[in-house]
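# Results of the structural survey
Each chain, letter by letter, is given below.
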Amino acid sequence: MRTWQVERRKRTRHLIELGGLVVKAGIVDLTADDRAIIYGALLWMANKLRSVQGEHARTLWAEKGKEVFEAEWKDGAPIVAQGQRSRE
């Protein structure tokens, strides 16, 4: 396989994983799959991270994410946002 194909597959997998996090967090359901709302929220988050409060937000959000990931690993079952059904 050519180098560009390997890199393209890596990028595709990365993008799919990021999209999965958006679904897993319940964002798709909470916004009725409104891409403008999702994009606006991501832009707000990016601005927050660039602000003077960026490090504080980064720390809080990282702790929350790690807490949920660890709980998933411990229980062996994926945790989905409140109100969202598991799609297994």
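An account of the accompanying structure is given in this report. (Residues numbered from 1 in each chain as written. Predicted model: local features only at pLDDT ≥ 70, side-chain atom pairs only at ≥ 80, totals over all residues. Heavy atoms only, no water.)

## Considering a nonpolar patch on the surface
A surface patch of nonpolar side chains, about 550 Å² in accessible area, is lined by Leu15, Leu18, Leu21, Phe69 and Trp73. Those elements that provide at least two residues to the nonpolar patch are helix H1 (3–24) and helix H4 (54–75). Tracing the backbone through its elements, the reader meets Leu21 in helix H1. (Patch = residues over 30% accessible without salt bridge, like charges linked within 9 Å, V, L, I, M, F, W, Y side chains within 5 Å. Areas by Shrake-Rupley, 256 points an atom, 1.4 Å probe, with all protein chains shown as cover. Salt bridge = Lys/Arg side-chain N within 4 Å of Asp/Glu carboxyl O. Helix = DSSP H or I, 4+ residues; strand = E, 2+ residues; numbered from the N terminus.)

## Thoughts on helix H3 (residues 35–50)
Here H3 contains 16 residues, and its C-alpha end-to-end distance of 22 Å stays within 8% of the 22 Å for a straight helix at 1.5 Å per residue. N-cap assignment for H3: the residue whose side-chain oxygen lies 2.9 Å from the backbone N of Ala36 is Asp34. (Expected span 1.5 Å × (residues − 1). Polar contact = N/O pair within 3.5 Å; in protein donor to acceptor, adjacent residues only side chain to side chain.)

## What to know about the side chain of Glu72
By secondary structure assignment, the location of Glu72 is in helix H4. What makes Glu72 buried here is its relative accessible area of 10%. A polar contact is formed between the side chain of Glu72 and the side chain of Lys24, at a distance of 2.8 Å. (Buried < 20%, exposed > 50% of the residue type's maximum accessible area, 1.4 Å probe, protein only.)

## Considering unusual backbone geometry
Even without glycine at this site, Ala32 takes up a positive phi of about 55°. Topologically, Ala32 is positioned in the loop between helix H2 (27–30) and H3. The exposure class of Ala32 is exposed, given its relative accessible area of 66%. We note that Asp33 has phi near 60°; this positive angle belongs to a residue other than glycine. Mapped onto the elements, Asp33 comes out in the loop between H2 and H3. For Asp33, a relative accessible area of 38% puts it in the partly exposed group.

By themselves, these observations are geometric and do not establish any function.
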